[in-house]
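What follows is each chain in one-letter form.
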Amino acid sequence: MASKAPTIFIITFISFVFLLGDVNATKPEIGIYEINNGHFCAKFTNWGATIVSVLLPDKNGKVGDVVLGYDSVYTYKNDSTYFGAIVGRVANRIAKAEFKLNGTVYKLDANEKHNMLHGGHRGFSDVIWKVLKHKKDGDLPYITFGYHSFDGEEGFPGDLDVTVTYSLVGKYKLSVKMEAKPKHKATPVNLAQHTYWNLGGHDSGNILSEKIKIFASHITPTDKDLIPTGKIVPVKGTPYDFCQPRTIKSKIDELPNAYDINYVLDGGEKGSKMKVAAIVWDEKSGRSMKLTTNKPGVQFYTASNLLTGVKGKGGFVYREHAGLCLETQGFPDSVNHPNFPSQIVNPGQIYNHRMLYTFSIKHKHKHLNVE
């Protein structure tokens, strides 16, 4: 019997090494993936299903990257700005990191004081997504990322399967399609795409001189912690009024903390129909961007969290207002405000979020009525 012990040990050791190899072999890797239709291209990483870059020509034909970000995919793992990521399971803020659903109070991961922001410490922006499909070039290139969120992740109820598909659907059109399917429990879902845009180029400085029109006549005002009060108020006569295009800097000094507010999109009450959320125009580069969505709100944010500087691509340091975010979404903290559109998705239902970025490059943008 004693003579068999070494043999058993060797077999056990080999089996352990074999199993360890299998674990390492199936562990998802973090990579960079490109889609290119011959007119412009976009790059992504499966860390957070993140937009890494969008390369567009300017009015002189010079190609530039209009997305803030990093050179290395591994830098995104330590990122606190949510550069380019898909955020969720519930984007934006949830007051006191809790909500009540079907008689049960759910305690969530509080990662911003006593509130939850963008899904908690380990939201969808901080996980590795699987690459489900990828067509790099040709007609309608696209990439689809998938993630399985388990029951209880960051405190949310139920298993949830999530996909996001990025595709180039026209000469200068980038489509974003987000879907989520709960398995066994009802759960809130509110995904958002958190790219910081600078149409002058990621390394061109701030976005204060860019003009913007937001197709919204109301906002959801917040308290000092950026939690909605539950009210819906008109923007007319306030610095939040972008119903007519004007520069971002024109009234920004009238606000204590620049722009970081949810706009109630005009036509949002019509349900899931696509509607224009905003148009942005950069005069110097000649680039413009129109954003359409099927969601009722859009968070307009001018990157005040970059005040102290963040080292980005090519060593360029991004500072306050280096980019702008237009995060189409359901209203923040909807789980605690019955008067806001519901974000609860039940088993058998599909959460469906659509965005379309349409870029233009020209000297004058008559669709903005500005010269």
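About the cut-offs
- Residues numbered from 1 in each chain as written.
- Predicted model: local features only at pLDDT ≥ 70, side-chain atom pairs only at ≥ 80, totals over all residues.
- Heavy atoms only, no water.
- Helix = DSSP H or I, 4+ residues; strand = E, 2+ residues; numbered from the N terminus.
- Buried < 20%, exposed > 50% of the residue type's maximum accessible area, 1.4 Å probe, protein only.
- Contact = heavy atoms within 4.5 Å.
- Areas by Shrake-Rupley, 256 points an atom, 1.4 Å probe, with all protein chains shown as cover.
- Pairing = 2+ DSSP bridges.
- Axes fitted to C-alpha atoms, helices over the stretch in contact; angles between N-to-C directions.
- 1 Å grid on protein atoms, 1.4 Å probe; cavity = no way out; pocket = protein on both sides within 12 Å on 5 of 7 lines; lining within 4 Å.
- Points joined across faces, edges and corners; volume = space filled by probe spheres on them.
- Nonpolar A, V, L, I, M, F, W, Y, C, P; charged D, E, K, R; others polar.
- Phe/Tyr/Trp six-rings, centres within 6.5 Å; stacked < 30°, edge-to-face > 60°.
- Lys NZ or Arg CZ within 6 Å of the ring centre and 35° of its normal.
- Salt bridge = Lys/Arg side-chain N within 4 Å of Asp/Glu carboxyl O.
- UniProt positions renumbered as here; feature names shortened; annotations may be inferred.

Quick notes on the overall build of the protein chain
1) Next: Scanning the protein chain for helices and strands turns up one helix and 28 strands.
2) Next: Counting the 371 residues in the protein chain, one finds 54% classified as buried.
3) Next: Taking all contacts inside the protein chain whose residues are at least 6 apart in sequence as the whole, residues at least 24 apart take part in 67%.
4) Next: Summed over all atoms, the accessible surface of the protein chain reaches about 17,000 Å², with 54% contributed by carbon and sulfur.

Some details on unusual backbone geometry
1) Next: For the bond from G88 to R89, the omega torsion is 15°, close enough to zero to count as cis.
2) Next: With respect to the helices, strands and loops of the structure, R89 is situated in the loop between β5 (85-87) and β6 (93-94).
3) Next: For K96, which is not a glycine, the phi torsion comes out positive at approximately 55°.
4) Next: Looking at where K96 falls in the secondary structure, it is placed in the loop between β6 and β7 (98-101).
5) Next: Of note in the backbone geometry, L226 takes a positive phi value of approximately 65° without being a glycine.
6) Next: Its location among the elements puts L226 in the loop between β17 (216-220) and β18 (233-234).

A short note on the sheet that holds strand β26 (residues 325-329)
1) Next: Pairing is antiparallel across the open sheet formed by five strands, whose spatial order is β18-β17-β20-β23-β26. In this open sheet, the two strands that pair with only one neighbour each are β18 and β26.
2) Next: With two bridges joining them, β17 and β18 adopt antiparallel strand pairing. By the bridge assignment for β18, H218 is matched with P234.

Section: the sheet that holds strand β1 (residues 32-36)
1) Next: Here we have four strands laid out as an open sheet, ordered β1-β2-β3-β4, and antiparallel in their pairing. Of all the strands in the sheet, the pair left with one neighbour each is β1 and β4 (63-65). Direction aside, the axes of adjacent strands within the sheet are offset by 20° on average.
2) Next: Examined bridge by bridge, β1 and strand β2 (residues 41-45) share five bridges and lie antiparallel to one another. Its bridge partner being in β2, I35 is matched across the sheet by A42.

Quick look at the pairing of β7
1) Next: Judged by which residues are buried, β7 turns out to be one-sided: F99 and L101 face inward and are buried, whereas E98 and K100, on the alternate face, are not.
2) Next: Turn length for the β7-strand β8 (residues 104-107) hairpin, with the two strands adjacent in sequence and antiparallel, is two residues, and the turn residue N102 shows positive phi of about 55°.

Quick notes on empty space enclosed by the protein
1) Next: Taken as a whole, this structure holds two cavities of 30 Å³ or more when the rule is applied.
2) Next: Estimates place the volume of the largest cavity at around 70 Å³.
3) Next: Residue lining of the largest cavity: W47, T50, Y76, D79, Y82, F83, A85, S125 and D126, and that is the complete set.
4) Next: Split by residue class, the lining of the largest cavity holds five nonpolar, two polar and two charged.

Considerations on the packing of aromatic side chains
In this description, a pair of aromatic rings is defined by centroid distance and the angle of the planes.
1) Next: One pass over the full model with this rule turns up 24 aromatic pairs.
2) Next: On the numbers, 5.8 Å between centres and 55° between planes, the contact of F316 with Y318 is tilted.
3) Next: Judged by relative accessible area, which is 0%, Y318 ranks as buried.
4) Next: Three or more aromatic residues joined by ring pairs form one cluster here, namely Y70, Y76, F83, Y196, Y301, F316 and Y318.
5) Next: K77 extends its terminal NZ or CZ atom over the ring of W47, reaching a point 5.3 Å from the ring centre.
6) Next: The ring centre of F242 lies 3.8 Å from the NZ or CZ of R246, which sits over that ring.

Points about the layout of surface pockets
1) Next: In this structure, the largest pocket spans a volume of roughly 690 Å³.
2) Next: If you trace the largest pocket, you find 32 residues lining it, with R93, L226, D260, Y301 and S304 closest to the centre.
3) Next: When contributions to the lining of the largest pocket are tallied by element, the ones reaching two or more residues are β20 (260-265) and β23 (297-301).
4) Next: Considered as a void within the structure, the second largest pocket measures approximately 490 Å³ in volume.

Some thoughts on the pattern of salt bridges
1) Next: This model, assessed by the stated rule, comprises nine salt bridges.
2) Next: Taking the shortest distance from any N to any O, the salt bridge between R122 and E153 comes out at 2.7 Å. Linking R122 in the loop between β9 (116-117) and β10 (130-135) with E153 in the loop between β11 (142-149) and β12 (160-170), this pair joins segments that are 31 residues apart in sequence.
3) Next: Looking at R122, the relative accessible area reads 38%, which means it is partly exposed.

A few points about the UniProt feature "active site" (unreviewed entry) in the protein chain
1) Next: Here, the residues flagged by UniProt with the feature "active site" (unreviewed entry) are H194 and E327. For the annotated residues, spread through 134 residues, the largest C-alpha to C-alpha distance comes to 6.0 Å, consistent with a single compact locus. Among the residues just listed, H194 and E327 line the largest pocket.
2) Next: Looking at H194, the relative accessible area reads 3%, which means it is buried.
3) Next: Sequence-distant contacts of H194, that is, excluding residues within four places in its chain, are made with T81, Y82, F83, G84, A85, V87, H118, C325 and E327.
4) Next: Tracing the backbone shows E327 in strand β26.

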